[in-house]
Amino acid sequence: LGAYRLVANGIGSSFEFNIAPSLYPDLPHEAMNYFYFHRMGEDILAEHLIDGRYARTALHPGDSSVPPYNGWCESCANFDLKGSWADAGDFGIYTVNHAISAWTLLNLNEMFPEAFQDGSLNIPESGNGFADVLDEVDYGSRFVRGMLPSDGGLASHKAHNHAWSAFSITIEGENAAQNSRSAMGPSTPATYAVARVNAQLARIWYAQGQDSHADVLWSAAVDAWTRAYGTNQAYSASVASPGPALGGGDYPDGQIGDDLYAAACEMYLTALAIGDSGVQTYKNIMRSSSFFTKIVQWDWATVTGAGTLSLFAVENDLSSEDKLSIETNIVSFANSVKNSIDSEGYPSNLDFQEFGGKYPWGSNSFIMNRAIALAYAYEVTGDVMYQDYILRTLDYVMGVNAMHISYVTGYGDKSETDTHDRWAWTVGQGSFWPRGWLSGGPNNELINDYATPPGVTAAKSYAGPGTAPHAWGSKENTVNWNAPLAWVAWYVENKIVPNFEGCDGNCASKPTLKPTTKSTTKQSTKPTLNPTTKPTFKPTTKPTSKPVSTGGSPCCADRNAGYQACMRSDWCNMSSTNCGNCNGYYITVPLEITGCCKWWSGGDCSNVVHSSNPGCHYRKSDCEGSCGGTWSPL
């Protein structure tokens, strides 16, 4: 343990780095404090901020009565949107972008109920007996159900000022813009987003026994679903972003099928958990979708993956075949992420060609979401390789990238010093900055600011230090970028570090949560939705360095163990297809030694110790393939 530098004679030395029992122990809290920092509708108190200099009075307390913009919903009452997170560096609120951000944090809670438990985040709700991450998302999501208009139509796509705010603000001046702040036009994706958020929140609150609050959320989810189902109103800039109201972003979403699917997943899971009579309807719609069980890159506009990952994370009554399909697709997508890292000079996990040879707007958020997919693959297979690739992904955002900079503020000798955030800039003016914020990252997909350099290599399309006011294309911070950072940061510290024998051998033990039996009818006490004992199609025992032998049965054998025993993962051993996804070989073990691999001329195998290089010495195809040797029979 200690601080070190690597020195190469004639070249120079590295930055100083630490070898320590943990990696980034403070990052999970810092990444989550981003959300309290950006709460609107209530005072932000120094006692709950990691850096108290950013304390302020409430932004937009008048959001409890926001009028619809001229030209739509003329007969509607004003919208009650109080209780939200500022979406990014501005003070708009966007239904579809909030939905993926809320899902990410709630998904962490549903996968790992011990994450960010009560009191861990020091937020105003700490001490109430419920997980702090749940309380934080519940506050930030209040506005979502308020996006449903009183006339029974589709939800507002977004709400914001009619003009962009100055970059340095006063709270009084920003709040004075309330008179020119409106709920903009509707869309079907926004309405499904309302259903998704409220269904997921309701499910978790029901499990906590908070029926009255959960009933409100579930009612909003059912209402939104009913309004959206059967409609096909894609985002239209002329409706949702009218020309005179330019004080917010677009978030255009032209595909609706994935929104329907993801909403159906959440509605089905909640209806099943509480015994709602609509469960079969939601299930049928979900299963009939062309997106069912699929995993592809997800973000605010493409939400297929979010729906499918919920089906993995939450107890349900899908068939074993459906569950296996979900697991197979998770592992397949994770392998494509792994392959992307292997094909890059820097450990970016983006498939460069998938994105048209460009880095997309918010590329770092795509990268962190793909790290979540790697975590899921580990939970399916138990293969620590996936956790290692998560660490490589974190290496990328922490500085092993073409810009030679940590994209996480406050981390590294060369870290991002200023992101496109009005209140942070107003207070610090670039001389200091909150820690644990993820900047957008290189972007040459759409450059419409004054600071992101055009015409450079994609991985270097990133603005320099001190450019925050004009660098929204590459240096913005948003809720949907810090949410996956918080997810991954917590997972690294609480799942990977202990697995790699970190914490100086003294990792805190995690609580054991007892599974309960689902009820078929809605009860006053809701069932526990997060048992730690997963269904049998998931591995219950993680792999160790010593595989087990099955005494001649075909199974998934590990090349690096010389094909002498089966892998520990039940999922990998289930079929040859699964085995291939686990980078194994489906054979009968133990494999008989029939020769050795040579990289020298003459001689035989008599002096070869096969265990010294098991990946090459046990099979001729390995030897003469990737090992580049010559096979010598015994």
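My aim in this report is to walk through the structure given alongside it, one point at a time. For clarity, every value in this text was computed on a predicted model and none was experimentally measured.

Focus on the sheet that holds strand β7 (residues 93-94)
Alright, step 1. Read from one edge of the open sheet, three strands run β7-β8-β9, paired in antiparallel fashion. Each edge of the sheet is formed by a strand with only one pairing partner; in this case those strands are β7 and β9 (181-183).
Alright, step 2. Looking at chain direction, strand β8 (residues 158-161) and β9 are connected through three bridges and run antiparallel. In the strand pairing of β9, N161 is matched with R181.

Here we look at unusual backbone geometry
Alright, step 1. Between V589 and P590 the backbone carries a cis peptide bond, its omega angle lying at -5°.
Alright, step 2. If you trace the backbone, P590 turns up in the loop between β11 (585-588) and β12 (595-598).
Alright, step 3. Backbone geometry at H60 places phi at a positive 50°, although glycine is not the residue there.
Alright, step 4. Inspection of the secondary structure puts H60 in the loop between β5 (39-40) and β6 (84-85).
Alright, step 5. Although it is not a glycine, C73 sits at a positive phi angle of roughly 55°.
Alright, step 6. Within the secondary structure, C73 sits in the loop between β5 and β6.

Quick look at the pairing of β12
Successive residues of a regular strand alternate their side chains across the two faces of the sheet.
Alright, step 1. Burial along β12 is two-sided: the residues G595 and C597 and C596 and K598 are all buried.
Alright, step 2. Judged from the four bridges that link them, β12 and strand β13 (residues 630-633) form a sheet pairing that is antiparallel. Opposite C596, over in β13, you have S632 as the bridge partner.

Focus on the packing of aromatic side chains
Alright, step 1. Scanning the model with the defined rule gives 32 aromatic pairs in all.
Alright, step 2. Between Y34 and F35, the aromatic rings sit 5.4 Å apart at their centres with planes inclined by 75°, giving edge-to-face as the arrangement. One exposure class covers both Y34 and F35, and it is buried.
Alright, step 3. Plain terms: the ring middles of F37 and W437 are 4.9 Å apart, the flat faces sit at 85° to each other, and that makes the pair edge-to-face. Note that F37 is positioned in helix α1 (residues 27-37) and W437 in the loop between α15 (422-428) and α16 (472-475), a separation of 400 residues in sequence.
Alright, step 4. Take W437: its relative accessible area is 2%, and that puts it in the buried class.
Alright, step 5. Directly above the aromatic system of F432 lies the positively charged group of R53, at a separation of 3.6 Å from the ring centroid.

Concerning the side chain of R370
Alright, step 1. Relative to the assigned elements, R370 resides in helix α13 (residues 363-381).
Alright, step 2. Given the relative accessible area of 1%, R370 is considered buried.
Alright, step 3. For R370, the side chain forms a polar contact with the main-chain oxygen of N349, separated by 2.8 Å.
Alright, step 4. In contact with R370, other than residues within four places in its own chain, are Q297, F333, V337, S340, N349, L350, D351, E354 and F355.

Let's talk about the nonpolar core
Alright, step 1. Formed by 169 residues in total, the largest nonpolar core has its most connected members in W218 and L311.
Alright, step 2. Those residues within four positions of L311 in sequence are excluded, and the remaining contacts are Y261, C265, Y268, L269, M286, F292, N316, L318 and I326.
Alright, step 3. Of all hydrophobic cores here, the second largest spans seven residues; its members include C555, A557, I587 and V589.

What about a nonpolar patch on the surface?
Alright, step 1. Together, L1, Y4, L6, F17 and I19 make up an exposed nonpolar region whose accessible area comes to about 510 Å².
Alright, step 2. One can find Y4 in strand β1 (residues 2-4).

The rules behind these values
Residues numbered from 1 in each chain as written. Predicted model: local features only at pLDDT ≥ 70, side-chain atom pairs only at ≥ 80, totals over all residues. Heavy atoms only, no water. Pairing = 2+ DSSP bridges. Helix = DSSP H or I, 4+ residues; strand = E, 2+ residues; numbered from the N terminus. Buried < 20%, exposed > 50% of the residue type's maximum accessible area, 1.4 Å probe, protein only. Phe/Tyr/Trp six-rings, centres within 6.5 Å; stacked < 30°, edge-to-face > 60°. Lys NZ or Arg CZ within 6 Å of the ring centre and 35° of its normal. Polar contact = N/O pair within 3.5 Å; in protein donor to acceptor, adjacent residues only side chain to side chain. Contact = heavy atoms within 4.5 Å. Core = buried A, V, L, I, M, F, W, Y, C linked by side-chain atoms within 4.5 Å. Patch = residues over 30% accessible without salt bridge, like charges linked within 9 Å, V, L, I, M, F, W, Y side chains within 5 Å. Areas by Shrake-Rupley, 256 points an atom, 1.4 Å probe, with all protein chains shown as cover. Salt bridge = Lys/Arg side-chain N within 4 Å of Asp/Glu carboxyl O.

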